[in-house]
Amino acid sequence: MEQADKLTVYETTGFPNPARVRAALAAKGAVEQVTFIEVDVMAKEHRTPEFYLINPLGTVPVLRTPEGIYLTDSTVIIEYLDNILPGPNLSGTTPLERGIIHMMQRRAEVMVMDAVAAYFHHATTGLGPELETAPCQPWGELQKLKAQAGLVYFNQHLQDQAFVAADRLTMADITLFYGLAFADFSGLEIPAHLRHLAAWRERMAQRPEFNG
Ligand SMILES: N[C@@H](CCC(=O)N[C@@H](CS)C(=O)NCC(=O)O)C(=O)O
């Protein structure tokens, strides 16, 4: 795994989007080969001029490639890793499969992960007053409703299939899994009657990719 030796991931331990990249690396069996740099979000290290140079969005994760290019956004990073590393495919092997996996990944992101994030940052104390400088409570509450609808959608979607987007674990499962973890952390209840979603989550939680 020569290339993995030259990869650097900027992350914040315990945060959901960096956890997506960790899960992808675990799926590829490459965690040990990557250098990780901890970014202390609570100390605002991601809002320094130095960090904005590598990611103008001021978010983690960020991946530095062997060529010295900085890639941002979990999906971009995971697809890149999927293409350069051996191991099980996470983002699709045919044009149609790639389309379906990207579509479902994006739904998991918009309908759950990002909606939960907006609820967390705008309608709860979020990361605290030092970091949450422009909270908008009504927007956060609306995003909570959106997330709740997303949970119902994925419960129905998982009624008759083992994985979110293919016949195996893909980046769509990874996004949804950490979207649910973020919901728990934010105090956004996942209703117990969504039993297909709960069963899928239980199966995922037992997998090594989510226990690195
Ligand atoms: N769409 C981005 C979202 C990245 C993101 O929002 N990361 C969070 C940590 S999970 C962050 O950096 N938050 C910093 C902040 O809210 O100030 C991705 O997939 O990487």
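In the block above lies the structure referred to throughout.
No experiment lies behind these values; they were computed from the predicted model shown. Position labels on residues start from 1 in each chain and follow its written sequence. Selection of residues for local features in this predicted model requires a pLDDT of at least 70, selection of side-chain atom pairs for listing and counting requires 80 or more, and totals for whole chains, interfaces and linings are taken over all residues. With hydrogens and water excluded, all non-hydrogen atoms of the structure serve as input to the side-chain values.

Novice: An account of the nonpolar core is requested, with residue identities and associated values reported.
Specialist: Here, the term nonpolar core denotes a set of buried Ala, Val, Leu, Ile, Met, Phe, Trp, Tyr and Cys residues that are joined through side-chain atoms within 4.5 Å. The buried label applies to any residue whose accessible area, calculated with a 1.4 Å probe on protein chains only, is under 20% of its type's maximum; exposed applies above 50%, and partly exposed to all values in between. The biggest cluster of nonpolar side chains holds 63 residues, and the ones touching the most others in it are Leu81, Val164, Leu176, Leu197 and Trp200. With eleven residues, helix 4 (residues 95–123) is the largest single contributor of residues to this core. In this structure, Val164 is in contact with Met104, Phe154, His157, Leu158, Ala172, Asp173, Leu176 and Trp200, ignoring residues within four places of it in sequence. The way it works is that DSSP assigns letters per residue, a run of H or I at least four long becomes a helix, a run of E at least two long becomes a strand, and they are numbered from the N terminus. Throughout, a contact is declared for two residues whenever any of their heavy atoms are within 4.5 Å.

Novice: How would you explain the site of the ligand if you had to name every residue and give the values?
Specialist: Nearness here has a simple test: a residue counts as near a molecule or strand if at least one of its heavy atoms is within 4 Å of that partner. Lining the immediate environment of the ligand, one finds 14 residues, of which His46, Arg47, Val60, Asp73 and Ser74 sit closest. In protein, a polar contact requires one atom able to donate a hydrogen and another able to accept it; more generally it is a pair of N or O atoms within 3.5 Å, and residues adjacent in sequence count only if both atoms are side-chain atoms. At 3.5 Å, a side-chain N or O of Asn17 approaches an oxygen atom of the ligand. At 2.8 Å from a nitrogen atom of the ligand is found a side-chain nitrogen or oxygen belonging to Asp73. The Shrake-Rupley method, run with a 1.4 Å probe, gives the accessible areas here. Residue values count only the displayed protein chains as cover. Across the complex, the protein chains shield 83% of the 510 Å² of accessible surface that the ligand would expose by itself. It is helix 1 (residues 16–27) that provides the largest number of residues to the shell around the ligand, a total of four residues.

Novice: Explain the side chain of Gln143 to me, and be specific about the residues and the numbers.
Specialist: Topologically, Gln143 is positioned in helix 5 (residues 137–157). In this structure Gln143 touches Ala115, Ala118 and Tyr119, once residues within four positions along its chain are discounted.

Novice: An account of the environment of Cys136 is needed here, citing residue identities and associated values.
Specialist: Take Cys136: it is sitting in the loop between helix 4 and helix 5. Along the sequence, Cys136 and Pro16 sit 120 residues apart, while their C-alpha atoms lie 22 Å from each other.

Novice: Break down the sheet that holds strand 4 (residues 70–72) for me, citing the residues and quoting the values.
Specialist: Between any two strands, at least two bridges found by DSSP are needed for them to pair. Reading across the sheet, the four strands line up as 2-1-3-4 and stay open at both edges, with mixed pairing between neighbours. The sheet is open, and its two edges are formed by strand 2 (35–38) and strand 4, each paired on a single side. Direction aside, neighbouring strands of the sheet carry axes that sit 25° apart on average. Strand direction decides the pairing type here: strand 1 (residues 8–11) and strand 2, joined by four bridges, are parallel. Residue Thr8 lies in a different strand from strand 2, and its bridge partner there is Thr35. The sheet contacts of helix 1 involve strand 1 and strand 2, and relative to strand 1 the element is tilted by about 145°. A fitted line through C-alpha atoms serves as each axis, taken over the contacting stretch for helices, and the angle formed by two N-to-C directions is quoted from 0 to 180°. Strand contacts of helix 3 (residues 74–84): strand 3 (62–64) and strand 4, with the helix running at about 120° to strand 4, the strand carrying the most contacts.

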